[in-house]
Amino acid sequence: MTTPEAQPAAPSFILYLDGVEYAEEMRNLALWVSDLLLPVYGREVSSSHPWCPRWWEHLEAVARLHALWLAWQECTDPSAGASGPAVWHRDHLGPVLTELRSPSGPFAGCKEGSHRAKAGPVVEPYDG
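In what follows, the accompanying structure is described. (Residues numbered from 1 in each chain as written. Predicted model: local features only at pLDDT ≥ 70, side-chain atom pairs only at ≥ 80, totals over all residues. Heavy atoms only, no water.)

1. With respect to the overall build of the protein chain
For the protein chain, the count of helices and strands is three helices and zero strands. Counting helices and strands in the order they occur from the N terminus, the protein chain gives α-α-α. Relative to the 2.2 N^0.38 estimate, which gives 14 Å for 128 residues, the radius of gyration of the protein chain is 17 Å and therefore markedly larger than a compact globule would have. Over its C-alpha atoms, taken along the principal directions, the protein chain stretches across nearly 60 × 45 × 30 Å. Looking at the protein chain as a whole, 27% of its 128 residues are labelled buried. Considering only contacts within the protein chain whose residues lie at least 6 apart along the sequence, 69% involve residues at least 24 apart. (Helix = DSSP H or I, 4+ residues; strand = E, 2+ residues; numbered from the N terminus. Rg over C-alpha atoms; globule rule 2.2 N^0.38 Å. Buried < 20%, exposed > 50% of the residue type's maximum accessible area, 1.4 Å probe, protein only. Contact = heavy atoms within 4.5 Å.)

Structural data, given as structure tokens:
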């Protein structure tokens, strides 16, 4: 009798991690961003297409880039088929970079060589 091969566990979304797991996932994400994403897809920075040199200090950017990286891993795996990379470009890369690099996105106010922390909206406690 043969036993089915165990399927590897799906990677956890970075916002669900903490401590050592979060730090390790951030190191891996930062390598992917600096060694693959930006050299290939990092277009020129301008006020209409900002980028923050300290992107990891913007939680929205971390979440979006991590999701993009997870999709890249899935769509570039041979099991995704020959159209997997095209699907990644169409469905994932374009929308994520458009949101991140929007003039009103998480990097608004950041300039090349300069990070600017953003103040989030004020939220009152729910008392219902």
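2. Regarding the environment of S46
Within the secondary structure layout, S46 lies in the loop between α1 (19–41) and α2 (59–75). Here S46 falls in the partly exposed class, since its relative accessible area comes to 31%. Residues S46 and F107, 61 residues apart in the sequence, show an inter-C-alpha distance of 11 Å. Within the structure, the side chain of S46 is placed 3.1 Å from the side chain of S48, a separation counted as a polar contact. (Polar contact = N/O pair within 3.5 Å; in protein donor to acceptor, adjacent residues only side chain to side chain.)

3. Details of α1
Within α1, the axis deviates most sharply at V33, by approximately 35 degrees. Residues E25, M26, L29, W32, V33 and L37 constitute the buried set of α1. Structurally, α1 contributes buried residues whose contacts are with α2 and α3 (84–100). (Bend = angle between axes of the 7 residues up to and from the residue.)

4. Notes on the layout of surface pockets
The method is simple in principle: a probe with the dimensions of a water molecule rolls over the atoms, and the space it marks as empty is what remains. In this structure, the largest pocket encloses a volume near 310 Å³. Taken together, the elements giving at least two residues each to the lining of the largest pocket come down to α1 and α3. The element best represented in the lining of the largest pocket is α3, accounting for five residues. Within the lining of the largest pocket, the residues separate by chemical class into five nonpolar, six polar and three charged. Approximately 170 Å³ is the volume found for the second largest pocket. Around the second largest pocket, the lining residues are P11, L70, Q73, E74, D77 and S79. In the lining of the second largest pocket, the residues fall into two nonpolar, two polar and two charged. (1 Å grid on protein atoms, 1.4 Å probe; cavity = no way out; pocket = protein on both sides within 12 Å on 5 of 7 lines; lining within 4 Å. Points joined across faces, edges and corners; volume = space filled by probe spheres on them. Nonpolar A, V, L, I, M, F, W, Y, C, P; charged D, E, K, R; others polar.)

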